[in-house]
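# Structure at a glance
So you can see what is in the structure, the chains are spelled out below.
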Amino acid sequence: MAEDAEGFLYPKVDASICIDCQACVRVCPFHNPSKEEKPQSVYAALNKNEEIRRDSSSGGMFTILAEKVIKDGGIVFGARFTDDWQVEIVPTETIEDLAAFRGSKYLQAQMGSSLALAKKYLQEGRKVLFSGTPCQIAGLRHYLRKDYDNLLAVDFVCHGVPSPKVWKMYLDEVSEAGQRAISDIKFRDKPQGWKRFNFNLSYNESDKSYTISSYNGDNHYMRAFLSNMILRPSCYNCQAKCERSKSDITLADYWGIDQVHPNMDDDKGTSLLIVHTEKGRQALDFSQTTYTESTYEDAFRFNPAIEKSAIPHPKRADFFNKLDSTKDLLKLIDKELRPSTKQRIKNFYYWCRHKAKIILLHLLGGG
Ligand SMILES: Cc1cc2nc3c(=O)[nH]c(=O)nc-3n(C[C@H](O)[C@H](O)[C@H](O)COP(=O)(O)OP(=O)(O)OC[C@H]3O[C@@H](n4cnc5c(N)ncnc54)[C@H](O)[C@@H]3O)c2cc1C
C-alpha cells in the first residue's frame, strides 16, 4: 500500500510480477457495487449496562452482538488504537478486549491481515463477527467469494473516513511534536450528553496528566472531518451505503429519536439497528436491552448518511494544496472553514430576523 499526497493509502501493483488475472479488480467493492436491497427490519435500542453505553458512541449495541458471539466460542474483529494512535482491525476471543473496540474512531482502520485471518477462522468452522465500515465489509464479502453460515458481518452508517496525514499532523501539533505523551483519545465523550458530544485527548507531561476536552463543533480535527473537507475521495461517492450494504446488521446513531420514539431518549445514546438478513435477525438478543421496533423511513428522515454520500467541502482542494507548506494546521483549518463574506452577511441577516421575531412575539405578548 502506498500513500498519496493527501495521505490516503492505495494498493500499488508491481507490474513486473503481476499476471494480470484481474482478481484485485473483481474483489474491489468500488468496481463491483452490489444491488440495492431494502432492509428487513429496523429497531431503536440501547444496552441496559450504563457503563458500556457510556463508553460506546451510540447505544452500545455493538457490545451486545459481540459478547454473544464470544460466549458462543466465536471471534470478533473490531477496530482499536495502535500504540501510535492510528487504528487497526484485529481479532479477539475475550469479552475484556471488547473495551478497546468500543467508541467510534474517526480514522480509516488498517485491515492488516484481518481478511486472511477471518477466512482461516471461518474455514475452521469458528463463528466470526467481523465489524467495519460498509466498504470494508463489502471488501470482505468479495474477498471471501462465498457466503459462510458462521459469519456475522456488522457495519455502521458511515460519514466517511478522514485523511491519515491530517490526523498525524493534528496529533503532532497538539502533542507539541511528541513532547506530550498521549494517554487516551475519545472521539465521542458524553459528559454534556450524546447529542452534544465532546472530543477528548489526554496526555502526560512532567509527571502530570491533562485532558484537552472540547465540544466537537469547537475541535479543529472534528470540524474538518464533519465539514467534509478531509474525507477520502471515494467517500464522496460511496458504493457501499446502506441499501447496498453487504452486512447482516448496520449500526448507527438513532438521530431524531427524541421526535420518533421520545421514550427511548435519555441523551445517553440510542442505537439504530438496520437488519438486512435473516441471520442478522437471529443474531439479535434483546434480553439485555431496552428496544422498540421502528421504520426505515423514520430513521432515514434524521440520518440521511444512511443512503447519501458526503458532499465535498468547496475548499477541500485548496486545503490539501496548502497542507504540505503549512506550519500551523489549526490555523489552516480555521482559515479554510471560515465562511465567505457572502455567507457571513447571510448568517447575520438570519440572526437579525430570528431576534426580530423573538422581540415582536414578546411585544405582542406571545412570550
Ligand atoms: C468513521 C466513522 C463514521 C461514522 N459515521 C456515522 C454517521 O455518519 N452516522 C451515524 O449514525 N453513525 C456513524 N458512525 C457509527 C456510530 O458512530 C457508531 O459507531 C455505531 O452507531 C455503533 O455504536 P455502538 O454504540 O453500538 O458501539 P460502539 O462501541 O460505539 O462501536 C464500536 C464499533 O465501531 C467499530 N469502529 C470504531 N471505529 C472504527 C473505524 N475507524 N473503522 C472501523 N470500525 C470502527 C468498532 O470495531 C466496533 O465495531 C460512524 C462510525 C465511524 C467509525
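In this report, we go over the structure that sits alongside the text. (Residues numbered from 1 in each chain as written. Predicted model: local features only at pLDDT ≥ 70, side-chain atom pairs only at ≥ 80, totals over all residues. Heavy atoms only, no water.)

## Let's talk about the overall build of the protein chain
Helix and strand content of the protein chain: 14 helices and 13 strands. By the compact-globule yardstick of 21 Å for 367 residues, the protein chain fits well, its C-alpha radius of gyration being 22 Å. If you line up the protein chain on its principal axes, its C-alpha atoms span 75 × 50 × 50 Å. Residues classed as buried in the protein chain amount to 46% of the 367 residues present. Element-wise, carbon and sulfur atoms account for 52% of the exposed surface of the protein chain, whose accessible area totals about 19300 Å². In the protein chain, which carries 51 positive and 48 negative side-chain charges, the distance between the mean positions of the two groups comes to 5 Å. (Helix = DSSP H or I, 4+ residues; strand = E, 2+ residues; numbered from the N terminus. Rg over C-alpha atoms; globule rule 2.2 N^0.38 Å. Buried < 20%, exposed > 50% of the residue type's maximum accessible area, 1.4 Å probe, protein only. Areas by Shrake-Rupley, 256 points an atom, 1.4 Å probe, with all protein chains shown as cover. Lys, Arg positive; Asp, Glu negative; His and termini not counted. Charge placed at Lys NZ, Arg CZ, Asp CG, Glu CD.)

## Observations regarding the site of the ligand
Ser57, Ser58, Ser104, Lys105 and Leu107 are the nearest of the 32 residues found near the ligand. The backbone of Met61 places a nitrogen or oxygen atom 3.1 Å from an oxygen atom of the ligand. A distance of 3.3 Å separates an oxygen atom of the ligand from a polar atom in the side chain of Arg188. Taking 900 Å² as the accessible area of the ligand by itself, protein coverage stands at 97%. (Near = heavy atom within 4 Å. Polar contact = N/O pair within 3.5 Å; in protein donor to acceptor, adjacent residues only side chain to side chain.)

## As for the sheet that holds strand 4 (residues 75-81)
Taken together, 8 strands build an open sheet; the order of strands is 5-4-6-7-11-12-3-13 and the sheet is mixed. If you trace the sheet from one side to the other, it starts and ends with strand 5 (87-92) and strand 13 (289-294), each paired once. The sheet shows a mean angle of 25° between the axes of neighbouring strands, taken without regard to direction. Inspection of the sheet shows strand 4 paired to strand 6 (residues 128-132) by 3 bridges, in the parallel sense. Note on strand 6: the bridge partner recorded for Phe77 is Phe130. Sheet strands touched by helix 5 (residues 114-123): strand 4, strand 5, strand 6 and strand 7 (151-156). Its angle to strand 6, the strand with the most contacts, is close to 160°. (Pairing = 2+ DSSP bridges. Axes fitted to C-alpha atoms, helices over the stretch in contact; angles between N-to-C directions. Contact = heavy atoms within 4.5 Å.)

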